[in-house]
Amino acid sequence: MTSARAGQDAALHADAERPSRREQILQAAAQLFAERGSRAVGVDDVGAAVGVTGPAIYRHFASKDAMLAEMLLRISERLLEGGSERVADAGDDPAAQLRALVAFQVDFALDNPALITVQDRDLGSLTEADAAQVRRLQRRYVEVWVGVLARLHPGADAATCRARAHAIFGLINSTPHSAGRLNRPAMARLLADMAQAAATA
């Protein structure tokens, strides 16, 4: 039986220590979607992963597509809220804001590897309306980074800062492909150092 690992992909939880049944279902679905792709996973598979029958899932979600939509919306909201908070807490220094954003994104990527994979691969499986909502949230999160990068590179236009932000995301979000090669603290330091270098070069 596939089950979500403790402490993994907890960005789906309002309370990481006490996830609700709905959140447990989302976490298990994230693991399965990451392993197989959302189209290859059935509702019965998700039910088996959390120890309930497939039909019991329908008390929480209307369909597998509804699980995927809520999953990607939740993490997009979490990234936007968390990134905005880190920038605000860092004060007015753009270098401090960048360090805070990098640390936040690195922690998110290392703590939520299945979600990173699903977000990258399965966005195209959403309905047009759900995909548009996720993309709006994602664009707003990118603009948080663009605002900081523009202050660090006053001669760069917005398009260049946006391209730099996406390059940094690509670097940090590569973690599902390198998981286990270093322990978490070492991987976090490596990713943060590389992201800082990419952001300030």
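Cut-off values and rules
- Residues numbered from 1 in each chain as written.
- Predicted model: local features only at pLDDT ≥ 70, side-chain atom pairs only at ≥ 80, totals over all residues.
- Heavy atoms only, no water.
- Helix = DSSP H or I, 4+ residues; strand = E, 2+ residues; numbered from the N terminus.
- Expected span 1.5 Å × (residues − 1).
- Contact = heavy atoms within 4.5 Å.
- UniProt positions renumbered as here; feature names shortened; annotations may be inferred.
- Phe/Tyr/Trp six-rings, centres within 6.5 Å; stacked < 30°, edge-to-face > 60°.
- Buried < 20%, exposed > 50% of the residue type's maximum accessible area, 1.4 Å probe, protein only.
- Patch = residues over 30% accessible without salt bridge, like charges linked within 9 Å, V, L, I, M, F, W, Y side chains within 5 Å.
- Areas by Shrake-Rupley, 256 points an atom, 1.4 Å probe, with all protein chains shown as cover.
- Salt bridge = Lys/Arg side-chain N within 4 Å of Asp/Glu carboxyl O.
- Core = buried A, V, L, I, M, F, W, Y, C linked by side-chain atoms within 4.5 Å.

## Thoughts on helix α7 (residues 128-152)
Alright, step 1. If you check α7, its first and last C-alpha atoms are 36 Å apart, about what 25 residues at 1.5 Å a residue would give, namely 36 Å.
Alright, step 2. On the buried face of α7, the contacting elements are α4 (64-89), α5 (94-111), α8 (158-172) and α10 (184-200).

## A look at the UniProt feature "domain: HTH tetR-type" (unreviewed entry) in the protein
Alright, step 1. Within this numbering scheme, the UniProt entry marks residues 19-79 as carrying the feature "domain: HTH tetR-type" (unreviewed entry).
Alright, step 2. Measuring from the first to the last C-alpha atom of residues 19-79 gives 19 Å, for a span that is 72% helix and 0% strand.

## Observations concerning the packing of aromatic side chains
Both the distance between ring centres and the angle between the ring planes are used here to describe each pair of aromatic rings.
Alright, step 1. Taken as a whole and judged by the stated rule, the model has four aromatic pairs.
Alright, step 2. Relative to phenylalanine 108, the ring of phenylalanine 104 has its centre 6.5 Å away and its plane inclined at 50 degrees; by these criteria the two rings are tilted. Of this pair, phenylalanine 104 and phenylalanine 108 both sit in helix α5, separated by four residues, roughly a single helical turn.
Alright, step 3. Measuring from centroid to centroid gives 5.6 Å for tyrosine 141 and phenylalanine 169, while their planes differ by 10 degrees, and the two rings are stacked. Of this pair, tyrosine 141 sits in helix α7 while phenylalanine 169 sits in helix α8, and the two are 28 residues apart along the sequence.
Alright, step 4. Taking the relative accessible area as the measure of exposure, tyrosine 141 reaches 4% and is therefore buried.
Alright, step 5. Judged by its relative accessible area of 10%, phenylalanine 169 is buried.
Alright, step 6. One aromatic cluster in this structure is built from Phe104, Phe108, Tyr141, Trp145 and Phe169.

## So, a nonpolar patch on the surface
Alright, step 1. Together, Leu182, Leu190 and Met194 make up an exposed nonpolar region whose accessible area comes to about 240 Å².
Alright, step 2. Position of methionine 194 among the secondary structure elements: in helix α10.
Alright, step 3. For methionine 194, a relative accessible area of 39% corresponds to the partly exposed category.

## Quick word on the nonpolar core
Alright, step 1. Within the largest apolar cluster, 59 residues are counted, with the highest numbers of intra-cluster contacts made by Val46, Met67, Met71, Leu72, Leu126 and Trp145.
Alright, step 2. For this core, the secondary structure elements donating two or more residues are α1 (21-36), α2 (43-50), α4, α5, α6 (113-122), α7, α8 and α10.
Alright, step 3. Aside from chain neighbours lying at most four places away, what touches leucine 126 is Leu68, Ala69, Leu72, Ala131 and Val134.

## Some thoughts on the side chain of serine 38
Alright, step 1. Among the secondary structure elements, serine 38 is positioned in the loop between α1 and α2.
Alright, step 2. Leaving out residues up to four positions away in the same chain, serine 38 has contacts with Phe33, Lys64, Leu68, Asp122 and Ser125.

## Details of the environment of leucine 68
Alright, step 1. You can see leucine 68 is positioned in helix α4.
Alright, step 2. Using a relative accessible area of 2% as the deciding quantity, one classes leucine 68 as buried.
Alright, step 3. For leucine 68, the contacting residues outside a window of four places in its chain are Phe33, Ser38, Val118, Asp122, Ser125 and Leu126.

## Considering the pattern of salt bridges
One side chain can pair with another of opposite charge once the charged atoms of both are near each other.
Alright, step 1. Within the structure shown, the criterion is met by eight salt bridges.
Alright, step 2. Its salt-bridge partner being aspartate 111, residue arginine 184 comes within 2.9 Å of it at the nearest N-O pair. You can see arginine 184 sitting in helix α10 and its partner aspartate 111 sitting in helix α5, a full 73 residues away along the chain.
Alright, step 3. Given the relative accessible area of 35%, arginine 184 is considered partly exposed.
Alright, step 4. A salt bridge links arginine 162 to glutamate 143, with the shortest nitrogen-to-oxygen separation between them at 2.7 Å. With arginine 162 in helix α8 and glutamate 143 in helix α7, this pair connects stretches of sequence that are 19 residues apart.
Alright, step 5. Here glutamate 143 falls in the partly exposed class, since its relative accessible area comes to 36%.
Alright, step 6. Through salt bridges with shared partners, a single ionic network connects Arg22, Glu23, Glu70 and Arg74.

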